[in-house]
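Letter by letter, the chains look like this.
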Amino acid sequence: MSPLAAWSRRHPRAADRIRILLPVLLLGLVVVEGLVLDRQPAFPHVTVWISGILVCLSAAPWPGLPLLARAWFAAATTWTATLLLIFGNPPDVVWGAGEAIALLVLLSQVLLRAPARTAAVLGPLLGLGCMAVPVRDTDPGRFTLLFSVLAVVVGAYSLLLRLQAVQRVRELRAVRTAERLELARELHDLVAHHVTGIVVEARAARFTKVTAERAAEIFGRIETAGDEALGSMRRLVTILRREDAAAAPAGTTPVAGLADLRRLAERFSTTGPPVVLSIEEGLDDRLPDHVAATAHRIVLEALTNVSKHAATATAVRIGLRTVPTGLEVRVADDGGRPARLSDEARGGGYGLAGMAERAEALGGSLTAGPAPEGGWLVTAVLPL
């Protein structure tokens with residue numbers, strides 16, 4: 001945003017007064033020019049006076065009258081007067097300062113606000129019209145050079161501001177897209193994990209005989225997972241409803257760390273196969289927060305996939321250690337048949353893509369596939 005635009009937003013009333021005052025001053029300048037040069041022949045004198053008054057009135061921000069309509073009218077008026085005077089009876093002396101400045105004001109507004117195709121046509125008409133105002137004189141002098149330079153400077157500066165505005169819009173869209181992708185990953189990682197656990201527990205209770213005590217335990221875990229899923233959804237909806245959510249950089253605030261990873265492993269062990277968690281000694285103090293948060297999300301998604309695709313797995317091994325290239329995160333299970341889930345519950349492979357995106361966002365890498373000793377292995381390397 002340009003300094004002038006920023007000042008206009010901070011002082012809207014003063015900016016409105018200046019927008020109205022400027023055309024009034026230009027109109028007064030045209031009137032003064034007409035009175036000083038009233039010794040001119042009648043036709044060219046009246047033509048210059050009427051053209052200047054109409055163009056200055058077009059530069060004023062009239063309510064209900066759009067900018068393009070005023071700009072087209074001003075361009076048509078000034079070029080009509082210029083052609084009539086050049087090919088007819090040119091005046092002896094033409095200052096034209098008020099009309100030329102009004103054309104510069106319209107030129108700047110058109111280049112900043114008009115659609116690209118319209119600005120490409122209307123902008124040159126206004127700029128060349130400003131240069132042609134002094135040419136009406138029988139002896140064009142320094143005014144022609146002055147307004148030519150001003151037209152070029154105003155046009156170039158307005159185009160620069162327009163390009164900056166376009167670039168800002170692109171950057172804002174990129175930030176919003178990144179934020180939506182981040183929230184989509186959060187939704188998948190948090191909610192899908194809990195919902196998958198609920199579905200697995202419910203199907204296990206449906207196809208196996210359980211005692212009343214075991215059923216109460218299963219229902220309790222289902223209730224806990226449901227509450228956590230609702231809480232996660234509520235937090236995400238709160239973020240989406242915030243006015244500044246789209247403007248906040250994506251992924252800058254970690255949501256979990258190694259302590260949460262340990263609790264995650266404990267919760268998973270109560271509903272799925274036992275989890276053996278191995279974290280290198282002293283890693284809690286040396287691991288950056290954003291790397292710890294990414295490691296937590298990768299493990300979360302990997303455990304969700306274990307619930308979906310390795311229903312008969314008997315053990316899951318999770319290891320975090322430092323290697324020369326960074327932090328290595330390994331999640332391995334000993335295989336088994338997939339859980340009996342519906343097509344809707346199985347998902348579309350977005351979890352694996354989300355894990356890879358998280359690792360690549362930090363400059364790392366992720367691989368997933370069958371382990372040599374059987375089962376499935378997910379390995380991520382995150383630079384430190």
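This is a predicted model, so every value here is computed, not measured.

Comments concerning the pairing of strand β5 (residues 376–382)
Phase 1: In terms of residue burial, β5 counts as a mostly covered element, since six of its seven residues are buried.
Phase 2: The pairing of strand β3 (residues 326–333) with β5 spans seven bridges and is classified as antiparallel. The residue of β5 that forms the bridge with leucine 327 is leucine 382.
Phase 3: Taken together, strand β4 (residues 365–370) and the strand that follows it, β5, pair antiparallel across an intervening segment of five residues, in which glycine 374 is found at a positive phi of about 105 degrees.

Quick notes on the side chain of serine 58
Phase 1: Following the sequence through the fold, serine 58 ends up in helix α3 (residues 42–59).
Phase 2: On the basis of relative accessibility, which here comes to 5%, the residue serine 58 falls in the buried class.
Phase 3: Those residues within four positions of serine 58 in sequence are excluded, and the remaining contacts are Arg70, Phe73, Ala74 and Leu106.

Side note on the sheet that holds strand β1 (residues 275–279)
Phase 1: If you trace the five strands from one edge of the open sheet to the other, you get β1-β2-β3-β5-β4, paired in mixed fashion. Pairing within the sheet leaves two strands with one partner each, and these edge strands are β1 and β4. The average angle at which neighbouring strand axes cross in this sheet is 10 degrees, direction not considered.
Phase 2: Both β4 and β5 contribute to a ladder of six bridges, which runs antiparallel. If you follow glycine 369 over to β5, its bridge partner there is leucine 377.
Phase 3: Each of β2 (316–323), β3, β4 and β5 is contacted by helix α11 (residues 289–309), which is oriented at about 15 degrees to β3, the strand it contacts most.

Focus on helix α9 (residues 258–271)
Phase 1: The end-to-end C-alpha distance of α9, which contains 14 residues, comes to 20 Å, matching closely the 20 Å that a straight helix rising 1.5 Å per residue would cover.
Phase 2: When we look at burial in α9, the residues that qualify are Leu258, Leu261, Leu264, Ala265 and Phe268. In a view along the axis of α9, the buried residues occupy a sector of 100 degrees, so they form one face of it.

Topic: the confidence of the model for the protein chain
Phase 1: Averaged over every residue, the pLDDT of the protein chain is 76; the share at 70 or more is 72%.
Phase 2: When mean pLDDT is compared element by element in the protein chain, β2 scores highest at 90, while helix α12 (residues 343–346) scores lowest at 48.
Phase 3: Here residues 243–254 scores under 50 on pLDDT; set against residues more than four positions off or in separate chains, the count is 15 contacts.

A look at helix α4 (residues 67–87)
Phase 1: With 21 residues, α4 should reach 30 Å at 1.5 Å per residue; the first-to-last C-alpha distance of 30 Å fits that figure.
Phase 2: Turning to α4, its buried residues are Leu67, Arg70, Ala71, Ala74, Ala75, Thr77, Thr78, Ala81, Thr82 and Leu85. Summarising the axial view, the buried residues of α4 lie within an arc of 165 degrees, below the 170-degree limit, and thus occupy one face.

What about the packing of α4 against helix α5 (residues 97–113)?
Phase 1: It is the contact of α4 with α5, at a shortest axis distance of 10 Å, that shows an interaxial angle of 140 degrees. Judged on the interaxial angle alone, α5 and α4 are oblique. For the pair α4 and α5, the sense of crossing is left-handed. Between α4 and α5, the contacting residues are Leu67, Arg70, Ala71, Ala74 and Thr78 on the first element and Glu99, Leu103, Leu106, Gln109, Val110 and Arg113 on the second.
Phase 2: A class-by-class count of the residues in the contact of α4 with α5 yields six nonpolar, two polar and three charged.

Notes on the packing of α5 against helix α6 (residues 116–132)
Phase 1: Taken N-terminus to C-terminus, the directions of α5 and α6 make an angle of 165 degrees; their axes are 9 Å apart at the nearest point. It follows that α5 is roughly antiparallel to α6 by the angle criterion. The element α5 and its partner α6 pack so that their crossing is left-handed. In this structure, α5 uses Ala100, Leu103, Leu104, Leu106, Leu107, Val110 and Leu111 to contact α6, whose residues at the interface are Ala119, Leu122, Gly123, Leu126, Gly127, Gly129 and Cys130.
Phase 2: Of the residues that constitute the contact of α5 with α6, the class distribution is eleven nonpolar, three polar and no charged.

Parameters and conventions
Residues numbered from 1 in each chain as written. Predicted model: local features only at pLDDT ≥ 70, side-chain atom pairs only at ≥ 80, totals over all residues. Heavy atoms only, no water. Buried < 20%, exposed > 50% of the residue type's maximum accessible area, 1.4 Å probe, protein only. Helix = DSSP H or I, 4+ residues; strand = E, 2+ residues; numbered from the N terminus. Pairing = 2+ DSSP bridges. Contact = heavy atoms within 4.5 Å. Axes fitted to C-alpha atoms, helices over the stretch in contact; angles between N-to-C directions. Expected span 1.5 Å × (residues − 1). Arc of directions from axis to C-beta. pLDDT = per-residue confidence, 0-100. Parallel < 35°, antiparallel > 145°, perpendicular 65-115°, else oblique. Left-handed = near helix turned anticlockwise from the far one by under 90°. Nonpolar A, V, L, I, M, F, W, Y, C, P; charged D, E, K, R; others polar.

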